[in-house]
Amino acid sequence: MIVPATAERISEAGARLRSGGLVAFPTETVYGLGADATSDTAVARIFSAKNRPDFNPLIVHVPDAERAAALAEFTELGRRIAHAFWPGPLSIVLRRQVDCPVSLLASAGLETIAIRVPAQVTAQAILKAAGVPVAAPSANASGKISPTEAAHVQMSLGDAVDLIVDDGACQVGLESTVVDCTTDRAVVLRPGGVTMEQIEAIAGDVELSDASPDKPASPGMLQSHYAPDASIRLNATTVDTGEALLAFGPHRFSNFAIERNLSPSADLPEAAANLFAMLRQLDSEADRIAVMPIPETGLGRAINDRLQRAAAPRR
Ligand code: TXA
Ligand code: MG
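(A) Main features of helix α4 (residues 76-85). Listed as buried for α4 are L77, G78, I81, A82 and F85. The arc that holds every buried residue of α4, seen down its axis, measures 130°, which confines them to one face. Buried residues belonging to α4 abut β6 (90-96) and α7 (196-203).

(B) Region of the structure containing the environment of D166. Here D166 lies in strand β9 (residues 163-166). Each C-alpha atom, one on D166 and one on A151, is 8.4 Å from the other, the two residues being 15 residues apart in sequence. When residues no more than four places from it in sequence are discounted, the contact partners of D166 are I2, V3, P4, A5, Y31 and A150. Engagement of the side chain of D166 in a polar contact is seen with the side chain of Y31, the distance being 3.5 Å. A distance of 2.9 Å separates a polar side-chain atom of D166 from the backbone nitrogen of G168.

(C) Structural context of the sheet that holds strand β16 (residues 288-291). With respect to topology, four strands assemble into an open sheet ordered β13-β16-β14-β15, the strand pairing being parallel. In this open sheet, the two edge strands, each paired with only one partner strand, are β13 (231-233) and β15 (258-261). Between one strand axis and the next, the sheet turns by 20° as a mean value, whatever way the strands run. With three bridges connecting them, β13 and β16 associate as parallel partners. Directly across from S231, in β16, lies its bridge partner R288. Where helix α8 (residues 268-285) meets the sheet, it contacts β13, β14 (244-247), β15 and β16, and its direction lies at approximately 175° from that of β15.

(D) Focus on the packing of helix α1 (residues 7-18) against helix α5 (residues 121-130). Across the interface, α1 lies against α5 with an axial gap of 8 Å and an inter-helix angle of 50°. Classified by the angle between their axes, α1 and α5 sit oblique to one another. The handedness of the crossing between α1 and α5 is right-handed. Together, I10, S11, A13, G14, L17 and R18 of α1 and T122, A125, I126, A129 and A130 of α5 make up the contact between the two elements. When its residues are assigned to classes, the contact of α1 with α5 shows seven nonpolar, three polar and one charged.

(E) Broad picture of the side chain of N304. Within the fold, N304 resides in helix α9 (residues 300-311). For N304, a relative accessible area of 11% gives the class buried. At 2.8 Å, the side chain of N304 forms a polar contact with the side chain of E296. Setting aside chain neighbours within four positions, we find N304 in contact with I294, P295 and E296.

(F) Region of the structure containing the side chain of T29. Of note, T29 is situated in the loop between β2 (23-25) and β3 (32-36). T29 has contacts with P89, R116, T148, C170, V172, G173, L174, E175 and S176, leaving out every residue within four places of it along the chain.

(G) Highlighting the domain arrangement of the chain. Entries for the chain in the domain assignment read domain 1 (2-208) and domain 2 (231-311). Measuring from the centre of the C-alpha atoms in domain 1 to the corresponding centre in domain 2 gives 27 Å. Domain 1 puts 22 residues into the contact, and the matching count from domain 2 is 15 residues. Both sides together, the interface formed by domain 1 and domain 2 hides about 1,500 Å², and carbon and sulfur atoms give 62% of it. There are two salt bridges connecting domain 1 and domain 2. In this structure, E197 and R301 form a salt bridge, with 3.2 Å as the shortest nitrogen-oxygen distance. Taken together, the links from domain 1 to domain 2 amount to seven residue pairs in polar contact (both at pLDDT 80 or more). Looking at the side of domain 1 that touches domain 2, its residues break down into nine nonpolar, nine polar and four charged.

The rules we used
- Residues numbered from 1 in each chain as written.
- Chains lettered and ligands numbered in written order.
- Predicted model: local features only at pLDDT ≥ 70, side-chain atom pairs only at ≥ 80, totals over all residues.
- Heavy atoms only, no water.
- Buried < 20%, exposed > 50% of the residue type's maximum accessible area, 1.4 Å probe, protein only.
- Helix = DSSP H or I, 4+ residues; strand = E, 2+ residues; numbered from the N terminus.
- Arc of directions from axis to C-beta.
- Contact = heavy atoms within 4.5 Å.
- Polar contact = N/O pair within 3.5 Å; in protein donor to acceptor, adjacent residues only side chain to side chain.
- Pairing = 2+ DSSP bridges.
- Axes fitted to C-alpha atoms, helices over the stretch in contact; angles between N-to-C directions.
- Parallel < 35°, antiparallel > 145°, perpendicular 65-115°, else oblique.
- Left-handed = near helix turned anticlockwise from the far one by under 90°.
- Nonpolar A, V, L, I, M, F, W, Y, C, P; charged D, E, K, R; others polar.
- Domains from an automatic or database assignment.
- Buried area = accessible area lost by both parts, 1.4 Å probe.
- Salt bridge = Lys/Arg side-chain N within 4 Å of Asp/Glu carboxyl O.

Okay, here's the thing in C-alpha cells:
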C-alpha cells in the first residue's frame, strides 16, 4: 500500500519496522526495502520479497554517525569519510563491533558491515521513528532496475511489502557509493552518488575496485544487474530504425522509435536522477535501446557502471 509521508504514516512505518515488518521508504538515492536489521526473520523477509540470492549483504541504515559507531569499528579513514559525506549518498564498509546486534544474515556472514546515514528527510524521520538499525537494499526484485519512485516499488514488489511510504522522486537517482574503509586506503567497491573525485579530495589516493563480474568485491555487484528486458546498445553514435534512444545532451538523431533525454543540457547530476525512470519507460515501450555516450567523469562513472550492467548478457 502506497501512503504519503505524513507524521502519522512515518510513526506507523517506525512501528512496523520495530515489529518485524517490511517498509519501503525513500532515500536521496533510490527507494529502499527496509526491515529491522537486528532480526534474522525480518531480514529473511527482505531476501524472499526480492527473490535475492542470500550471498548479497545488505546496507544497514541509521540516522547518525553516533548510532553507526555502536555497530562498527571506525577507522581513522572511516571517521574522515563519515564526517565529510554523512548524511548522504555514501555507504561505509567497516569491521563489525564484537557485540554488533545486526543479524549475520544481513551481512551475509561477513565480518564487515556496510553502513549508511541517508540525508533525505523522510528517511531520517523513519529511521528515528524505528529506533533500530534498518537493513535496506533497493526496493526492486533482484536483478531489476532500482526504483526511484514509490510506484516503481509497487510494480516490482507489490503486496510483498507492508507499507510503501511515498515522498516523490529520488533526488540523486543512483545508489550510494560503497567505500571500504577497513584499512587506511579507501577502496570504492561500487561507484554511486558521491564521486571518486569527491572522495579523493578528502581521502587522498582512492582505489576503484577492479572486481570482475565473477569475483565481485562488493558481493552484490553481479554483472547482470539492473536488467531491463530490452537489449541495450551503449556508446551509440548512430541510431537504427526502430531503436529507442536514451540520449544525453543535444543531438541530431531523428529516426528513433521513441526518445528520452537524460539531460538535454548534458548535466550529469540531472542524468543520474533520470536514469532508472527513463530506462523503465523505454523498456516498457521498446525492444532495443541505443544509449548515447556519457563522459566517464564525476557521476558519469556511476551512470556508466549501471548502464554496463543493464547491457550485460543475462546469467
Ligand atoms: O543507495 C543505496 O545504497 C540503496 C539505498 C536503499 O540505501 N541501497 C542499496 O542496497 O543499493 P543494495 O542491497 O541494493 O546494495 C548493497 C551493496 C551491494 O553491492 C553489496 O554487495 C554491498 O552494498 N555491501 C553490503 N555489505 C557489504 C560488505 N560488508 N562488504 C562489501 N560490500 C557490501
Ligand atoms: Mg540493488
